[in-house]
Amino acid sequence: MPKRNGGGRDDSPAGSDPVIERLRHHLTFLGLTHTLHHLDELLTWAMHERPAPSALLEYALGTEVGSKLEGRIARRLDSSGLRERKTLEAFDWNFQPELDKSLVLELARLDFVRKRDDLVITGKSGTGKSHLLKAFGLRACEQAIAVRYARCVDLLDDLHAGLADGTYGRRLKAWARPELLIIDDVGLGQVKKRDDEPTAAHTLFNLIDCRHGRLATAVTSNISLSDWGRYLGDTTVAMAILDRLAMHAIRIDIDGPSYRQRLAEQRADKRSAEKGERAAT
């Protein structure tokens, strides 16, 4: 591949070499875009390091595969609705010492998704429920599992919008399709109630009924399960949702302090200390 001049070695890739041009064409045709964009770097590395042919091929294909996997993960994240990339590595386990860490790490393997089991995490606001499910969602994207995330009120708003514009069936199918559906923050936010539309309970029931036993659904709730009827507008239908979802799901209850409240207290203490320092000077 490199040209020799008078016994010397040209250490720069031959950009005008017809062989290189054909190589670029082949890479373009095969869609190996990462290798194409980094071809000069790859050739320079090969000329300096002189790897074995098999090692060169493995390195080139390995970096191409890595690039394509990263791209696929990024596209899954973009379509998932996950706006934050939460990780279990960043979770403050010491702040929730009563939480069963071994169980959470076992769930993070996502076997429950492959088994089509459901997951319900309850607890007060700020205890880390959303963090855990968002971390599961990120891992699902990394494992090529189709995932979609939404806050409960946003999901219900989307389905109710479908009733208004005639796209309800299409929207329901879209929410029912992913291998893992994450419904966050049941109990937070005001559920819209209109006399001419089904209750939020009926809307959520239709979705859960479509998925039950077929695909995994993970839910966080800031209210007790017994309060779902009041929140969703129909106690009977809410009980039917829980019968299909929570009563037979993997259950975690985080009975601990609010992390957000602790951060707010720390910020308040910091402002108070800074104010005292300014007053002292």
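Everything below is about the structure shown above.
An account of the accompanying structure is given in this report. From a predicted model like this one, the values you see are computed outputs, not experimental measurements.

### Notes on the overall build of the protein chain
Next, step 1: Counting its regular elements, the protein chain contains 13 helices and 7 strands.
Next, step 2: By the burial criterion, 39% of the 281 residues in the protein chain qualify as buried.
Next, step 3: If you sum the accessible surface of the protein chain, you get close to 16200 Å²; carbon and sulfur atoms cover 51% of it.

### Some thoughts on the pattern of salt bridges
Next, step 1: Taken as a whole, this structure holds 13 salt bridges when the rule is applied.
Next, step 2: Residue Glu-84 pairs with Lys-86 through a salt bridge whose shortest N-O separation is 4.0 Å.
Next, step 3: Classification of Glu-84 as partly exposed rests on a relative accessible area of 39%.
Next, step 4: Put simply, Arg-139 and Glu-89 hold a salt bridge, and the shortest N to O gap is 3.2 Å. You can see Arg-139 sitting in helix 7 (residues 129–142) and its partner Glu-89 sitting in the loop between helix 4 (53–80) and helix 5 (101–107), a full 50 residues away along the chain.
Next, step 5: Among the ionic contacts, a cluster of salt bridges with common partners joins Glu-106, Arg-109, Asp-111 and Arg-114.

### Describing the sheet that holds strand 3 (residues 119–123)
Next, step 1: Taken together, the 5 strands give an open sheet; going across it, the order is 4-5-6-3-7, and neighbouring strands pair in parallel fashion. Looking at the sheet topology across the chains shown, the edges are occupied by strand 4 (147–151) and strand 7 (250–254). Strand-to-strand twist of the sheet, defined as the mean angle between neighbouring strand axes without regard to direction, takes the value 10 degrees.
Next, step 2: Pairing of strand 4 with strand 5 (residues 180–186) involves 5 bridges; the strand directions are parallel. By the bridge assignment for strand 5, Val-147 is matched with Leu-180.
Next, step 3: Across the sheet, helix 7 touches strand 3, strand 4, strand 5, strand 6 (216–221) and strand 7, and the angle it forms with strand 3 is around 155 degrees.
Next, step 4: Contacting strand 5 and strand 6, helix 10 (residues 200–211) crosses the sheet at an angle of about 150 degrees to strand 5.

### Quick word on the pairing of strand 5
Next, step 1: With 7 of 7 residues buried, strand 5 is to be regarded as a mostly interior element.
Next, step 2: Pairing of strand 5 with strand 6 involves 5 bridges; the strand directions are parallel. Pairing of Val-186 across the sheet is with Ser-221, part of strand 6.

### A few points about the nonpolar core
Next, step 1: Among the nonpolar cores identified, the biggest contains 34 residues, and Leu-155, Leu-156, Ile-183, Trp-228 and Leu-232 are the most heavily contacted of them.
Next, step 2: When residues of this core are traced back to their parent elements, those giving at least two are helix 8 (152–165), helix 9 (168–176), strand 5, helix 10, helix 11 (228–232) and helix 12 (235–244).
Next, step 3: The leading source of residues in this core is helix 10, at 6 residues.
Next, step 4: Ignoring any residue separated from it by four or fewer positions in sequence, one finds Leu-155 in contact with Ala-150, Trp-175, Leu-181, Ile-183 and Leu-207.
Next, step 5: Counting residues in hydrophobic clusters, the runner-up holds 31 residues, among them Leu-110, Phe-112, Leu-132 and Tyr-149.

Conventions adopted
- Residues numbered from 1 in each chain as written.
- Predicted model: local features only at pLDDT ≥ 70, side-chain atom pairs only at ≥ 80, totals over all residues.
- Heavy atoms only, no water.
- Helix = DSSP H or I, 4+ residues; strand = E, 2+ residues; numbered from the N terminus.
- Buried < 20%, exposed > 50% of the residue type's maximum accessible area, 1.4 Å probe, protein only.
- Areas by Shrake-Rupley, 256 points an atom, 1.4 Å probe, with all protein chains shown as cover.
- Salt bridge = Lys/Arg side-chain N within 4 Å of Asp/Glu carboxyl O.
- Pairing = 2+ DSSP bridges.
- Axes fitted to C-alpha atoms, helices over the stretch in contact; angles between N-to-C directions.
- Contact = heavy atoms within 4.5 Å.
- Core = buried A, V, L, I, M, F, W, Y, C linked by side-chain atoms within 4.5 Å.

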